[in-house]
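Listed below, chain by chain, are the residues.
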Amino acid sequence: MANFGTVGVDWQQRVNWDRLRKYRLERARERMKAHNLGALLLMYDENVRYVTSTLTPGWNRLKPGLRYALLCGDGPPVLFEQGDIGFQIQRHAPWIPKENIRYSYAWIKGAAGPASKQQVKKFTDAIVKEMNRYQVADTMLGVDFIDINMINQFQESKVKWADGMTAMMEARAIKNEDEQECLRIVGAIGDAAHWETMRFLKPGLTENQVTAHIMEFLYRIPGMEDVEDVIVSSGPNTWPNCSDRIIKPGEIVFMDLAALTWNGYKSCYYRTYCVGKKPTQEMKDYYATGLKWLYDSINTVRPGVTTRDIALKWPSAKEAWGYDEEDQAAANLWGHGLGVAQYDPPVISRIWSLDHPLEIKAGMVFALETQHGKKYEFGVRIEEMLIVHPDRTEIISNFPVEEITVVM
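Residues numbered from 1 in each chain as written. Predicted model: local features only at pLDDT ≥ 70, side-chain atom pairs only at ≥ 80, totals over all residues. Heavy atoms only, no water.

**Observations concerning the side chain of Ser53**
With respect to the helices and strands, Ser53 occurs in the loop between helix H2 (45–52) and strand E2 (68–72). Of note is the side chain of Ser53, whose polar atom sits 2.8 Å from the side chain of Arg24. If sequence neighbours within four positions are ignored, Ser53 has contacts with Arg21, Arg24, Val48 and Trp95. (Helix = DSSP H or I, 4+ residues; strand = E, 2+ residues; numbered from the N terminus. Polar contact = N/O pair within 3.5 Å; in protein donor to acceptor, adjacent residues only side chain to side chain. Contact = heavy atoms within 4.5 Å.)

Have a look at this one:
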């Protein structure tokens, strides 16, 4: 498609939301069955969103168990929404049978001790009731989150459970044409946000003033649901940190869109600037090294290679910074999938990809990012977002990257 239109029209094929919803649901069901699971209990918001295509208020996100979904066999999903929010879901989501929208029994982030035991008993009883309704009560239940209360109650209720997150991660890894178009739109929004950053940046502003401006810019875009983080770092904070620090002339600044969320789909998109003066030759040299690391890894990407092949294009933490362990440089040289979660598969790092490689497949959408610099002085950070096709790699982040962007 690659049309970048953000609203539906009658004269052009754009994102087909009905096709997207059906694809995601059946993709999850396919991977559930591939892992010999009779049902999936989904408590992380990205998984609930993926299977039910429903949106909840912000306080329910990142808090597993305030809302959750159950997918049983070949049946439609059952959504347990917090409180009476389900009445709104019934109104907005006709693809879920009304009788499959319930209220949740929550305890995580709210109850402890006897109160949590009371709630998890009600929670488990409701799950077992639905599994009986769909005749999968004797099968394995895959779960994407577990806590000690669930473990104890599942054992008491004789619920057989296993890892369900792996199945969901596999499902989310491969995007159909509509998801790919959503992420192209995310990339185009990111391009605009970096252009606005270049226009707005000047010495004397603080990092958080720039953050606030870009957040306001993003929230004016139709379809913008959430801006989880706009990271603006300057001078010694660029290894990396962010605060109310005043930006001075000649300093390196980087901005990261991590993660704007447009219709459920997320970004991760760094660019590096120099404000008020031209960068020094030393800054340019560090940037050139980081850019080479980035594009050496991008040029390796194609179906059939592995995350190990990509990670091997990066130097070790010892070579680059003198660190003893790769974990000490976590996210300095990094790759991660993009979708309804910012960390869809594949996640690429020398920490684990060398020993536990995953195959790159057509339909994957992910970001690759590199960082380099002088600790406590300046750092450069660069990131590209890309779609893997059978015959090519499409870069969907298009703000200039060949050199540090100078803002005068």
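**So, the sheet that holds strand E5 (residues 141–143)**
In spatial order, the strands read E4-E3-E2-E1-E5-E6; together these six strands make up an open sheet with mixed pairing. The open sheet has two edge strands, strand E4 (101–103) and strand E6 (161–163), and neither has a second partner. For this sheet the average axis-to-axis angle between neighbouring strands, irrespective of direction, equals 25°. Pairing analysis gives four bridges linking strand E1 (residues 39–42) to E2, with the strands arranged antiparallel. (Pairing = 2+ DSSP bridges. Axes fitted to C-alpha atoms, helices over the stretch in contact; angles between N-to-C directions.)

**Points about the environment of Arg102**
On the secondary structure map, Arg102 appears in strand E4. In this structure Arg102 comes out as partly exposed when scored by relative accessible area, which is 26%. Apart from residues no more than four positions distant in its own chain, Arg102 is found in contact with Val78, Leu79, Phe80, Glu81, Glu130 and Arg133. Engagement of the side chain of Arg102 in a polar contact is seen with the backbone oxygen of Glu99, the distance being 2.6 Å. (Buried < 20%, exposed > 50% of the residue type's maximum accessible area, 1.4 Å probe, protein only.)

**Overview of the state of the cysteines**
Taken as a whole and judged by the stated rule, the model has zero disulfides. Just so you know, Cys242 is unpaired, no disulfide at all, and the nearest cysteine sulfur is the one on Cys268, 13 Å from it. When its relative accessible area of 41% is taken as the criterion, Cys242 is described as partly exposed. (Disulfide = S-S within 2.5 Å.)

**Describing helix H9 (residues 281–298)**
The first and last C-alpha atoms of H9 sit 25 Å apart over 18 residues, in line with the 26 Å expected at 1.5 Å per residue. All of the buried residues along H9 are Met283, Tyr287, Gly290, Leu291, Trp293, Leu294, Ser297 and Ile298. One side of H9 carries all its buried residues, which in axial view fall inside an arc of 155°. (Expected span 1.5 Å × (residues − 1). Arc of directions from axis to C-beta.)

**Things to note about the packing of H2 against helix H6 (residues 165–173)**
Contact geometry for H2 and H6: axes closest at 11 Å, N-to-C directions at 60°. Viewed along their axes, H2 and H6 adopt a mutual orientation that is oblique. For the element pair H2 and H6, the recorded crossing hand is left-handed. Contact residues: H2 offers Glu46, Asn47, Tyr50 and Val51, while H6 offers Met165, Met168, Ala171 and Arg172. Tallied by class, the residues present in the contact of H2 with H6 amount to five nonpolar, one polar and two charged. (Parallel < 35°, antiparallel > 145°, perpendicular 65-115°, else oblique. Left-handed = near helix turned anticlockwise from the far one by under 90°. Nonpolar A, V, L, I, M, F, W, Y, C, P; charged D, E, K, R; others polar.)

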